[in-house]
Every structure is written in structure tokens, then in C-alpha cells.
Amino acid sequence: MQRTVVTINSNGRQAASFIRVAAALGWQVRAQMKDLDGIVAQELAELDNVTVYIGRLEDTKFLDNLFKSAQCAFINTTHWGDEVAIGRSLADAAKRAGIQHYIYSSMPDHSVFGHNWRSLPLWSPKFTVEQYIRQIGLPATFVYCGIYHNNFTGLDFPLFRMQHQYDGSFEWQAPFHPDQPLPWLDSEHDVGPAIFQLFKEGPRKWNGKRVPLAFAMMTPKEVCRAFSRGLRRPVCYKRGPIVIHVPTPTGYREHLSALEYTLGEKGAPYFGPDIEPACPKVALELWEGNRSMEEYAQEVFPVEEAANGMTWMEEVETPRREIEIDFEQINC
């Protein structure tokens, strides 16, 4: 069935992944963006079946026009602006338009679980919006996305820096316990097909449900082993504090501090204790063609690194390559 679907912040990883899938399968996509700056925005604007709507999410008239006569929507709000106010306005506009299935990308508020866990400032507003969507009776499904494979970078960014070492190996330092299971997905490759399947199965099956989108539960040590196999070089995990060497907005610093305490020191489940046990079963039932961490490390990470100006992949082969390394047994 051909449908018209609304997306917002459409050049972000989640929305762009879905738009590529929906447009390729013949759905009409209304893709809201602030502007057409950037290669992703230009790419999406040139796709068949995609109509770009340039406008501000604070504009009620713009939202009414965006949702008018559409059947469904995939909404991922961001912390730019008043996320709660924007999230409520979007839900109100969708209800006025009679949207039949509203998929909202939410995240947990860890403080509601007790245990002296702190809420994460960039996640808890999404949970507040989720509660509002439930209150107004909009037919909705709530997806919780795991950690993006694509977060890893050789750039000097906090939390997911994969730091290149002098001997050609890599080191990832983060506050997570080395044996703490964490949920993972490749946002660009796997969000789109999973969301599309939720729409196909519809609100009769998924209305009101929380769906954890994570295709693997892996500890930091397992992640590094997967990277080792993909890159064919040692990758080690080091548990340590989040190090910030670049200018970082205050809100994100607060988020990282809460993450370090709640997920690192306290070892709280990433999604909270209610839906994390469903990982990765639910996601794999929606989409079996997911990209694994090892595949990401082998096929995508070097390309993204090269785009960021890194040159380690061009280094001359070193004698260590002549030695048979059991990458499963690397213990850092």
C-alpha cells in the first residue's frame, strides 16, 4: 500500500535511513528540514518520492500543512530548541490531521526506575514527550535506538573515540564496565528497514508498545574484539573517565556526566530494566539484514575515517601483519 509519511529533522541519521527505504519502496515522503545545507540534505532532496518541506517546527501553521492528509509519521525530535514543547506540538498537529500511525523515537528517563539513578538530560525530554503522546491518545509506537556503530570516530570527541596508537592498534576508553552488555545498531543501515516494518505491521500490533532497536547486545570487550576482526589489528578497551578535549556545549557536558554516573558507575541498563531484556530479539524479528559491528568496522569505519581526514588506513604494512593474531583472544 502506498502511503504518505512525515519525517522531521530529516537529514539526521535516523530519519535519513528511513527516508531512503520508504522512498525506494514507493511511499511519498514529506521530509521537514531547516535548510538544504549539507550532502545528506541534497541527496534526500533529489530522491524520487521525496518532497522537502523547509520550515521551523515551532510554527503551528507549518506543522498543520506538513501533516495534512498524511497517514503516518516517523518523528525524532532533538535537543535543539525546546524539545518537549516541540514534541507536544508535533503530536497535537498529528492528531488534528488524523495520523493513523505515529512512530516516535524515544529514550528512557532513568530516574523513574529508582535505584538512585540520574536521568540523562538529552534523553529524559524524549520520555516526557512519549508520556504526552500517550495521554492524547495518538496511535503510536515508541522506538528506543541503541548506541550507533557510527558514533565511533578517530576524531578527538568524547566517549566514542577510537584512538589510533603509535603501533597501529586502537584503544577505546569509556566509563562502562568491560563486561556490561550494551545495545548496538548501525543507524544508517538498519533504522530504516526496521521502522518500515513497524509501519507495515501497523498499530494493531504495535500501538502503545516500546520497541528496543538494537541488533546485538555486546560488552565493550566484545565490541573491541569485533573491531579487531574487522580492522585486522588489535583494538583494546580501557575503562576510564570520559575525557573532553574539544569545545562541548554545557548541556552535552551535563549529559555525559549523568551517563558516566548512571550507566558507568551504577551500571544501569541502557534502556532501563523494562525493555532491555527484549534485546536483540524484537529488532531481529523486524529486520534480519542488519549490519554487524565487525562488518561496520571492516566496511564503513575506514571510509568514514578517511572522510574525516584520517590516514591510518594508508600506512605501510608492519611486521605484525605477518604474525598470526587470534583477535578473539586479545585481552586488554
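Residues numbered from 1 in each chain as written. Predicted model: local features only at pLDDT ≥ 70, side-chain atom pairs only at ≥ 80, totals over all residues. Heavy atoms only, no water.

A. Focus on the overall build of the protein chain. Counting secondary structure elements, the protein chain contains 12 helices and 13 strands. For 332 residues, the compact-globule estimate of 2.2 N^0.38 gives 20 Å, and the protein chain sits close to it at 20 Å. In terms of overall dimensions, the protein chain has a C-alpha envelope of 65 × 45 × 40 Å along the principal axes. A burial count over the protein chain gives 51% of its 332 residues as buried. Contacts spanning at least 24 positions in sequence make up 75% of the contacts within the protein chain whose residues lie at least 6 apart. With an accessible surface of roughly 15100 Å², the protein chain has 50% of that area assigned to carbon and sulfur atoms. On the protein chain, the mean spot of the 33 positive side-chain charges and the mean spot of the 41 negative ones are 7 Å from each other. (Helix = DSSP H or I, 4+ residues; strand = E, 2+ residues; numbered from the N terminus. Rg over C-alpha atoms; globule rule 2.2 N^0.38 Å. Buried < 20%, exposed > 50% of the residue type's maximum accessible area, 1.4 Å probe, protein only. Contact = heavy atoms within 4.5 Å. Areas by Shrake-Rupley, 256 points an atom, 1.4 Å probe, with all protein chains shown as cover. Lys, Arg positive; Asp, Glu negative; His and termini not counted. Charge placed at Lys NZ, Arg CZ, Asp CG, Glu CD.)

B. How the structure looks around helix α1 (residues 13-24). Spanning 12 residues, α1 covers 17 Å between terminal C-alpha atoms, matching the ideal 16 Å at 1.5 Å per step. Buried within α1 we find Gln14, Ala15, Ala16, Ser17, Phe18, Ile19, Ala22 and Ala23. Directly beyond the C-terminal end of α1, a positive phi value near 95° is found at Gly26. (Expected span 1.5 Å × (residues − 1).)

C. Up close: the packing of helix α4 (residues 83-97) against helix α5 (residues 124-135). Relative to each other, α4 and α5 sit at 25°, their axes nearing to 9 Å. Judged on the interaxial angle alone, α5 and α4 are roughly parallel. In the crossing of α4 with α5, the sense of the turn from one axis to the other is right-handed. Residues Glu83, Val84, Gly87, Arg88, Ala91 and Asp92 of α4 form the contact with α5, whose own contacting residues are Pro125, Lys126, Thr128, Val129, Tyr132 and Ile133. Partitioning the contact of α4 with α5 into residue classes produces 6 nonpolar, 2 polar and 4 charged. (Axes fitted to C-alpha atoms, helices over the stretch in contact; angles between N-to-C directions. Parallel < 35°, antiparallel > 145°, perpendicular 65-115°, else oblique. Left-handed = near helix turned anticlockwise from the far one by under 90°. Nonpolar A, V, L, I, M, F, W, Y, C, P; charged D, E, K, R; others polar.)

D. Seen up close, the sheet that holds strand β8 (residues 162-164). As summarised here, the arrangement of the 3 strands in space is β8-β9-β13, forming an open sheet in which the pairing is mixed. Looking at which strands have only one partner, the edges of the open sheet turn out to be β8 and β13 (235-239). Pairs of neighbouring strands in the sheet enclose a mean axial angle of 30°, with direction left out of account. Sheet strands touched by helix α8 (residues 220-231): β8, β9 (170-174) and β13. Its angle to β13, the strand with the most contacts, is close to 160°. (Pairing = 2+ DSSP bridges.)

E. Expanded view of the sheet that holds strand β6 (residues 140-145). Sheet architecture is open: 7 strands sit in the order β3-β2-β1-β4-β5-β6-β11, paired in parallel fashion. This sheet does not close on itself; its edge strands, each paired only once, are β3 (50-54) and β11 (210-213). In this sheet, adjacent strand axes meet at a mean angle of 20° when their direction is disregarded. Looking at chain direction, strand β5 (residues 101-106) and β6 are connected through 5 bridges and run parallel. Looking at the pairing, Ser106 lines up with Tyr144 of β6.

F. Focus on the UniProt feature "domain: NmrA-like" (unreviewed entry) in the protein chain. UniProt records the feature "domain: NmrA-like" (unreviewed entry) for residues 2-297 in the present numbering. Here residues 2-297 runs as 38% helix and 19% strand, with 36 Å between its end C-alpha atoms. (UniProt positions renumbered as here; feature names shortened; annotations may be inferred.)

G. Region of interest: the side chain of Asp190. Here Asp190 is to be found in helix α6 (residues 187-201). No salt bridge is formed by the buried Asp190; the nearest opposite charge belongs to Arg291, separated by 6.6 Å. The residues touching Asp190, leaving out its near neighbours within four places in the chain, are Ser17, Phe215, Trp287, Gly289, Asn290 and Arg291. (Salt bridge = Lys/Arg side-chain N within 4 Å of Asp/Glu carboxyl O.)

H. Quick look at unusual backbone geometry. Along the chain, Cys279 connects to Pro280 via a cis peptide bond; the corresponding omega equals -5°. Counting through the fold element by element, Pro280 comes out in the loop between α9 (250-265) and α10 (281-286). One non-glycine residue, Asn116, adopts positive backbone phi at about 65°. Within the fold, Asn116 resides in the loop between β5 and α5. Of note in this structure, Arg232 is not a glycine but carries a positive phi near 60°. Among the structural elements, Arg232 can be located in the loop between α8 and β13.

I. The arrangement of the state of the cysteines in detail. Counting across every chain of the model gives 0 disulfides. Cys145 provides the cysteine sulfur closest to Cys72, a residue in no disulfide bond, and the two sulfurs are 17 Å apart. (Disulfide = S-S within 2.5 Å.)

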